[in-house]
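Chain by chain, the residues:
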Amino acid sequence: MKPVTCVMSLKLVNAKLWLETGVYEGGLVTENGAVSKIGKESRLPPAENIIDAGGKLVVPGLVDLHVHFREPGYTQKEDFASGTSAAAAGGVTTVLDEPNNKPVTGSAEALRVKQELVKDHSYVDYLFNMAVYADRLSEIRSAANIGVNVFAFFDELGDKPTGMKDTGVLYDALIRVEAVDGLALLNCRESDQVIHTIKQLKDAGKNTLQDYNNSFPHVAESVGAAKRILLAHSLGVRTHMREVSTAETVDVLRSLKPYMTDITAEVRPDHLFLNQENTEKLGPYGQQWTPIRTRKDQTALWEALNEGTVNIIASDHATHMVEEKRHGLGNIWNSPPGLPAIESMLPLLLNAVHEEKTTLDRIIQATSVNPAKRLGLYPRKGCIDIGSDADLVILDLEAEKKITADEMYAKSKWTPYEDWKTIGAPVTTILRGVPVYHEGEIVSKPLGQYISS
Ligand code: DOR
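The rules we used
- Residues numbered from 1 in each chain as written.
- Predicted model: local features only at pLDDT ≥ 70, side-chain atom pairs only at ≥ 80, totals over all residues.
- Heavy atoms only, no water.
- Helix = DSSP H or I, 4+ residues; strand = E, 2+ residues; numbered from the N terminus.
- Pairing = 2+ DSSP bridges.
- Expected span 1.5 Å × (residues − 1).
- Bend = angle between axes of the 7 residues up to and from the residue.
- Buried < 20%, exposed > 50% of the residue type's maximum accessible area, 1.4 Å probe, protein only.
- Polar contact = N/O pair within 3.5 Å; in protein donor to acceptor, adjacent residues only side chain to side chain.
- Phe/Tyr/Trp six-rings, centres within 6.5 Å; stacked < 30°, edge-to-face > 60°.
- Lys NZ or Arg CZ within 6 Å of the ring centre and 35° of its normal.
- Near = heavy atom within 4 Å.
- Areas by Shrake-Rupley, 256 points an atom, 1.4 Å probe, with all protein chains shown as cover.
- 1 Å grid on protein atoms, 1.4 Å probe; cavity = no way out; pocket = protein on both sides within 12 Å on 5 of 7 lines; lining within 4 Å.
- Sits in = over half its atoms within 2 Å of the grid points.
- Nonpolar A, V, L, I, M, F, W, Y, C, P; charged D, E, K, R; others polar.
- Points joined across faces, edges and corners; volume = space filled by probe spheres on them.
- Right-handed = clockwise from strand over helix to strand, strands pointing away.
- Contact = heavy atoms within 4.5 Å.
- Salt bridge = Lys/Arg side-chain N within 4 Å of Asp/Glu carboxyl O.

Enquirer: Quick one: what's the story with the environment of Val 113, residue by residue and with numbers?
Expert: With respect to the helices and strands, the residue Val 113 is situated in helix α2 (residues 108-118). Remark: the alpha-carbon pair of Val 113 and Pro 72, spanning 41 residues in sequence, is separated by 9.1 Å.

So this is what it looks like as structure tokens:
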């Protein structure tokens, strides 16, 4: 497929289009990056670029609302060029990037700097969220004034406390997020208990991966989730609960469903596909925060996804280099938590569809439609319809692959899923009518655009 350097009109033919109304056999034409016509091929107007989908399924580009592309500050681990290339290779056409940069993206000025920094080397469209700090809550409105209204709540960033462990301060911050009609990204975590447990483990010289996995008690997650859902509900602030990982938290979400009218919840692929039996073998290469849980938790998460209690899948793509992870072999506290995830997410999910653990509709809802709606981008994103951005992924549902880091664009060059066999894979990823990725290759210039949220 010849590289394309600008947004030309595209005609996609011989496709099975995944529309909200069902799968439609035909094609579409784009104009200025948006879908302008959907219909049978004989009734489609001409276009500058033509792609024959070969009868394959075409779904809306994935929207990943939890990625760490490490720019600025840690570009040896990832940057926007490598991270967004990895996104395109995984069928992802829109990402929301995290603020744990160096310096942390915790102000309107830092957002402006980050936007300037990455603007010319992104292969997919992107948004930023801003980290919230107790000593600068006014930055919430400042960020909203420059078009950023997604706010990430961490307890500490770069070992510097944010002040958000204090419930009163968290409540005040949520009031301000609501005041700008913002979206609060909350972790399901009662930090005081986690910090207390980690200290106990370290003081006792416990430093294996299993000790690490035990450092975040299940009840600290379910209590943290319940508290934050009730706080958010009391204020009517739009909220997304991140990294749901245990059966107990799933039970909390079910019980508090009446309080979650505008509260969504995410599960990460590593919590769906890995459990502590795998991570025993993986060691620090299975070390992730929120930790990997048990097979019982994994089963509960699949049930939660399939019943809609958890309605978004987000990668939490968070790369670290092999030499950093190696430090964890002797003492797990010496290696950073985090896994590459964005390129393996879709093949693993399509394989789960093939194994009848879930359905294709459920996967597309959770990775594209619902995250687009959560970010207020639907139907521009997360949808194939007239006027929507022509963000499209051609899937080969029969493609038999083996996951290997050698073929990945992420800088980490390792994956916890090395040698895993999958059936189903993205073949071509198209961003606003331009093919960005095709059969293993990046085939466009970095045409990704910043999106105000
Ligand atoms: O394991 C993790 N690593 N979890 C996070 O929340 C942050 C991430 C990172 O940035 O490495």
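Enquirer: Please give an account of the sheet that holds strand β16 (residues 312-313) that cites residues and values.
Expert: The sheet built from 6 strands is open, its strands ordered β9-β10-β13-β14-β15-β16 with parallel pairing. The strands lining the two open edges of the sheet, one partner per strand, are β9 (130-131) and β16. Two strands pair when backbone bridges link them, and β9 and strand β10 (residues 150-153) are joined in this way by 2 bridges, in the parallel orientation. If you follow Ala 131 over to β10, its bridge partner there is Ala 152.

Enquirer: Quick one: what's the story with helix α14 (residues 360-374), residue by residue and with numbers?
Expert: In this model, α14 (15 residues) spans 20 Å end to end at C-alpha, consistent with the 21 Å of a helix rising 1.5 Å per residue. The largest bend in α14 amounts to roughly 40° and is located at Ala 366. With 11 of 15 residues buried, α14 lies mostly within the body of the structure. When α14 is considered as a whole, its buried residues turn out to be Leu 360, Ile 363, Ile 364, Ala 366, Thr 367, Ser 368, Val 369, Asn 370, Pro 371, Ala 372 and Arg 374. Taken from the residues just after α14, Gly 376 is the one with a positive phi, measuring 70°.

Enquirer: Could you give an account of the side chain of Arg 374, with specific residues and numbers?
Expert: Looking at the secondary structure, you find Arg 374 in helix α14. At 3.4 Å, the side chain of Arg 374 and the side chain of Thr 264 are in polar contact.

Enquirer: Lay out the packing of aromatic side chains with the relevant residues and their values.
Expert: Tallying each qualifying case throughout the model produces 12 aromatic pairs. Their ring planes at 70° and their centres at 5.3 Å tell us that Phe 80 and Tyr 126 sit as a pair that is edge-to-face. One end of the pair, Phe 80, is in helix α1 (residues 80-89); the other, Tyr 126, is in strand β8 (residues 125-128), and 46 residues separate them in sequence. Side by side, Phe 80 and Tyr 126 carry an identical accessibility label, which is buried. An aromatic cluster of at least three residues, connected via ring pairs, comprises Phe 69, Phe 80, Tyr 126, Phe 128 and Tyr 450. Looking at Arg 136, its charged tip hangs above the ring of Tyr 133, at a distance of 4.2 Å from the centre. Over the face of the ring belonging to Tyr 378 we find Lys 373, whose NZ or CZ atom lies 4.7 Å from the ring centre.

Enquirer: Account for unusual backbone geometry, with residues named and values stated.
Expert: The linkage connecting Lys 102 with the following residue, Pro 103, adopts the cis geometry, with an omega of 0°. Of note, Pro 103 is situated in the loop between β7 (92-97) and α2. The omega torsion across Tyr 378 and Pro 379 is 5°, close enough to zero to call that bond cis. Looking at the secondary structure, you find Pro 379 in the loop between α14 and β18 (392-402). A positive phi angle is found at Asp 316, which is not glycine, with a value near 55°. Mapped onto the secondary structure, Asp 316 falls in the loop between β16 and β17 (317-318). On the basis of relative accessible area, Asp 316 is assigned to the buried category, the value being 3%.

Enquirer: Before we move on, could you go through the site of the ligand and cite the residues and values that matter?
Expert: Within the structure, the ligand sits among His 68, Arg 70, Asn 100, Glu 243, Gln 288, Trp 289, Ala 318, His 320, Pro 337 and Gly 338. Measuring from an oxygen atom of the ligand, one finds a side-chain N or O atom of His 320 at 2.9 Å. Pro 337 places a polar main-chain atom, nitrogen or oxygen, 3.0 Å from a nitrogen atom of the ligand. Contact with the protein chains hides 88% of the accessible area of the ligand, taken as 290 Å² for the molecule alone. Placement of the ligand is best described as lying within the largest pocket. Taken together, the residues of the shell around the ligand break down into 3 nonpolar, 5 polar and 2 charged.

Enquirer: Would you mind going over the layout of surface pockets in detail, with residue names and values included?
Expert: By volume, the largest pocket amounts to about 1300 Å³. Lining the largest pocket are 42 residues, with Glu 156, Gly 158, Asp 159, Trp 289 and Pro 337 positioned closest to its centre. The leading source of residues in the lining of the largest pocket is helix α5 (residues 191-203), at 6 residues. Tallied by class, residues from the lining of the largest pocket come to 16 nonpolar, 14 polar and 12 charged.

Enquirer: Please set out the pairing of β10 residue by residue, giving values where relevant.
Expert: Residues Val 150 and Ala 152 line one face of β10 and the alternating positions Phe 151 and Phe 153 line the opposite face, and both faces are buried. Following the backbone out of β9, through helix α3 (residues 139-145) and into the adjacent parallel β10, one traces a crossover that is right-handed. Taken together, the 4 bridges between β10 and strand β13 (residues 183-187) define a ladder with parallel strand orientation. Note that in β13 the partner of Ala 152 across the bridge is Leu 185.

Enquirer: Tell me what's going on with the environment of Val 219, and back it up with residues and numbers.
Expert: Mapped onto the elements of the fold, Val 219 is located in helix α7 (residues 218-235). A sequence separation of 29 residues divides Val 219 from Glu 190, and the C-alpha atoms of the two residues are 8.5 Å apart. Excluding its chain neighbours within four sequence positions, the residues that come into contact with Val 219 are Gln 193 and Gly 224.

Enquirer: With reference to specific residues and values, describe the pattern of salt bridges.
Expert: Following the criterion strictly, the structure yields 26 salt bridges and no others. Close ionic contact of Lys 119 with Glu 116 constitutes a salt bridge, the shortest N to O distance being 2.7 Å. The exposure class assigned to Lys 119 is partly exposed, which follows from its relative accessible area of 38%. Across the salt bridge formed by Glu 221 and Arg 293, the nearest N and O atoms sit 3.6 Å from each other. Within this pair, whereas Glu 221 is found in helix α7, its partner Arg 293 is found in the loop between α10 (276-282) and α11 (295-307), the two being separated by 72 residues in sequence.

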